[in-house]
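# Structural overview for review
Listed here are the chains, written in short residue letters.
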Amino acid sequence: MDIVIKIPDIGIEKAEVIDILVHVNDIVEKEQSLLVIEGDKASMEIPSTHHGKVKEIKVKVTDIVHQDSIIIILETIDDPLPELNDTPNHTKVIDTHDVIIHASPLVRRLARASNIDLRNINGRGRKNRILKDDLDNYLENNLNNNNLSKKYDHVYNFDFSRFGEVEEIQLSKIKKRSGSLLCLNWSTIPHVTQFDEVDITDLEAFRIKYNDRITVKEKKITLLAFIVKSITKGLEKFPYLNSTISHNQEVIFLKKYINIGIAVDTIHGLLVPVIKDVKNKNLSDIACEIYHISKYARLGKLKFSDLQGGCFTISSLGSIGGTAFSPIINAAEAAILGVSKFSYKPIWNGSEFIPRLILPIALSYDHRIIDGAEGAKFISYINTLLSDVRLLLV
Ligand code: CAO
């Protein structure tokens, strides 16, 4: 069905279209910004009223619009995302943190003139408004970075075929997008990674015994489901691990809901679908949901909503291997848990060494929000819960 999107009541007689944020055939979410208009004193983003595909754009930059001007014709869709390879705008798939940008017309104009995407700038004004100073700082740093990358051009733009055969592979859109997000997360969040080892001998014995009676694969309880459940309890006890720090680093937003992202490796790159409202789900529900979302992620059939709203991410490489790794926090979350491969280790019980099944885990947290003591208490609490899963019941 076609939906006509019009300029809503904007409180002024007319405004100029200064930026169009979508293209024909883009899939847009309800509330996603479609274009930016600018009046005498302020500019504002016009959001989509529906989830759908952009069929026609009825305006162009510099057009003058007023209330009820038709701007976009949208074809509504309820289907899952198309196959990842075919999605023209699927770079948005992992962008779980779309934000409304507050900036004066002057700042917008200057940013446009310098070809700067305001979404990359941290606003230090009220409600994260981007000030002219913020833009100037960004330009200065960006200039430096450009100089820096130019300085190292010879390292990357090097003719490696001088030393042997080289094959050139184009990165997928998801890899490109997740690559730039990883750079942003890694370079802007002060990470600390705390490691621990959990004795899961009893957990695994219980899990295997329980699963013996279950015939349907997706109904079997997985180790990851126990980890999700223990993180849920941990976030209830340590609320700062379930928070976001504001752009200007003056406020922390504590979330009262708990949604857990699960890093899933797909042939197109890393995706992080989110299990919602885990407080109200049991182990079997969680295991079943992980089974389905990881399957959909690999088939490229996730919906936008499956990738949004995460509070904390778990990245499990346990079934693959490795003794430990430091996971990178998924902004704007406060922490992430990395899970490595379990193995039997000799553990001293006070009188002798006994074989116990040991699971290595690693918690990376944002040191602006969480100090070392709290990080250590959180991971120890997770350890206690997984070492004695009866505690998950109380
Ligand atoms: N150590 C050893 N074995 C483990 C394990 C661990 N920590 N966790 C799970 N396993 C075993 C399970 O016992 C199971 O074996 P069986 O089939 O014999 O019982 C097998 O591995 C598969 O386990 P599973 O079905 O429970 O899957 P999972 O929970 O391990 O993983 C998922 C699910 C989606 C997390 C995983 O498939 C995946 O994509 N992992 C990669 C995530 C990733 O790329 N992270 C990196 C992010 S940064 O680049």
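Just above, that's the structure.
Residues numbered from 1 in each chain as written. Predicted model: local features only at pLDDT ≥ 70, side-chain atom pairs only at ≥ 80, totals over all residues. Heavy atoms only, no water.

## Some points on the site of the ligand
Put simply, the rule is: Nearness is judged by heavy atoms alone; a residue qualifies as near a molecule or strand once a single heavy atom is within 4 Å of it. Identification of polar contacts relies on pairs of N or O atoms within 3.5 Å, with a donor-acceptor requirement for protein atoms, meaning one able to donate a hydrogen and the other able to accept it, and with residues adjacent in sequence counted only if both atoms are side-chain atoms. Each accessible area value is a Shrake-Rupley result obtained with a 1.4 Å probe; residue values ignore everything except the protein chains displayed when judging cover. Helical segments are the DSSP runs of H or I of at least four residues, strand segments are the runs of E of at least two, and each set is numbered from the N terminus. Side-chain classes are defined by residue name, with Ala, Val, Leu, Ile, Met, Phe, Trp, Tyr, Cys and Pro counting as nonpolar, Asp, Glu, Lys and Arg as charged, and the others, Gly among them, as polar.
Near the ligand you find 20 residues, and of these Arg298, Ser315, Ser319, Ser340 and Phe342 are the closest. Ser340 has a polar backbone atom sitting 2.9 Å from a nitrogen atom of the ligand. In this structure, a nitrogen atom belonging to the ligand sits 2.8 Å away from a main-chain N or O atom of Phe342. Protein contacts shield 67% of the accessible area of the ligand, which totals 980 Å² for the unbound molecule. The set of elements that each furnish at least two residues to the shell around the ligand consists of α6 (223–237), β13 (264–266), α7 (283–299) and β16 (312–316). Broken down by class, the residue content of the shell around the ligand amounts to nine nonpolar, seven polar and four charged.

## Let's talk about helix α4 (residues 173–188)
Stated formally: The span one expects for a helix is its residue count, reduced by one, times 1.5 Å. Accessibility here uses a 1.4 Å probe with only protein chains present; expressed as a share of the type maximum, an area under 20% marks a residue as buried, one over 50% as exposed, and anything in between as partly exposed. Directions pointing from the helix axis toward each C-beta atom define the arc. Here, residues are in contact when the closest pair of their heavy atoms is within 4.5 Å.
In this model α4 runs 22 Å from its N-terminal to its C-terminal C-alpha over 16 residues, within 8% of the 22 Å that 1.5 Å per residue would give. Among the residues making up α4, those that are buried are Ile174, Ser178 and Asn185. Across the axial projection of α4, the buried residues extend over an arc of 20°, all falling on one side. Across α4 from its buried face, at more than 90 degrees, point the exposed residues Cys183 and Ser187. On the buried face of α4, the contacting elements are β9 (191–199) and β14 (269–271).

## Considerations on the nonpolar core
The nonpolar side chains of a soluble globular protein tend to be buried with one another. Applicable threshold: Among the buried residues, those of types Ala, Val, Leu, Ile, Met, Phe, Trp, Tyr and Cys that are joined through side-chain atoms within 4.5 Å form a nonpolar core.
Among the nonpolar cores identified, the biggest contains 52 residues, and Ile227, Ile231, Ile260, Ile262, Phe312, Ile314 and Phe378 are the most heavily contacted of them. Of all the secondary structure elements, the ones that give two or more residues to this core are α6, β12 (260–262), α7, β16, β17 (335–339), β19 (353–366) and α8 (372–387). Not counting residues up to four positions away in its chain, the partners in contact with Ile227 are Ile314, Leu337, Val339, Leu359 and Leu386. Core analysis: the next-biggest nonpolar cluster, separate from the first, contains 18 residues, Ile3, Val28, Ile37 and Ile72 among them.

## Some details on the environment of Leu283
Checked against the element boundaries, Leu283 lands in helix α7. On a C-alpha basis, the gap between Leu283 and Phe226 in space is 6.5 Å, while along the polypeptide they are 57 residues apart. What Leu283 contacts, discounting residues up to four positions off in sequence, is Ile221, Ala225, Phe226 and Lys229.

## What about a nonpolar patch on the surface?
To keep things clear, this is the line we draw: A patch is a set of surface residues, each over 30% in relative accessible area and not in a salt bridge, joined within 9 Å for like charges and within 5 Å for the nonpolar side chains Val, Leu, Ile, Met, Phe, Trp and Tyr. A side-chain nitrogen of Lys or Arg and a carboxyl oxygen of Asp or Glu constitute a salt bridge if their distance falls within 4 Å.
On the surface, a cluster of nonpolar side chains totalling about 420 Å² of accessible area is made up of Phe158, Phe160, Phe163 and Val166. Within the secondary structure layout, Phe160 lies in the loop between α3 (153–156) and α4. A residue is classified by how much of its surface remains accessible, and Phe160, at 43% relative accessible area, is partly exposed.

## Topic: the packing of α6 against α7
As a reminder of what qualifies: Note on definitions: angles span 0 to 180 degrees between N-to-C directions of axes, and those axes are lines fitted to C-alpha atoms, for helices only across the stretch in contact. Note on convention: the crossing is left-handed when the near helix lies turned anticlockwise from the far helix by less than a right angle, right-handed when the turn is clockwise.
Remark: α6 packs on α7, axes separated minimally by 9 Å, with the N-to-C direction vectors making an angle of 120°. Crossing of α6 against α7: the hand is right-handed. Residue-level inspection shows Leu224, Ala225, Phe226, Val228 and Lys229 of α6 in contact with α7, the latter providing Leu283, Ile286, Ala287 and Ile290. For the contact of α6 with α7, a count of residues per class yields eight nonpolar, no polar and one charged.

## Here we look at the sheet that holds strand β3 (residues 27–28)
Just so we agree on the cut-off: Strand pairing is assigned whenever DSSP detects at least two bridges linking the two strands.
In space, the four strands of this open sheet follow the order β1-β8-β6-β3, with antiparallel pairing throughout. Edge positions in the sheet fall to β1 (2–6) and β3, since each has one partner strand and no second.

## Observations regarding unusual backbone geometry
Backbone torsion omega between Ala331 and Ala332 reads 5°, so that peptide bond is classified as cis. Tracing the backbone shows Ala332 in the loop between β16 and β17. A positive phi angle, close to 85°, is found at Thr62, a residue other than glycine. With respect to the element layout, Thr62 can be found in the loop between β6 (52–57) and β7 (64–65). By relative accessible area, which is 49% here, Thr62 ends up partly exposed. Positive phi outside glycine occurs at Asp68, with the angle close to 80°. Here Asp68 is to be found in the loop between β7 and β8 (70–76). Since its relative accessible area comes to 47%, Asp68 is described here as partly exposed.

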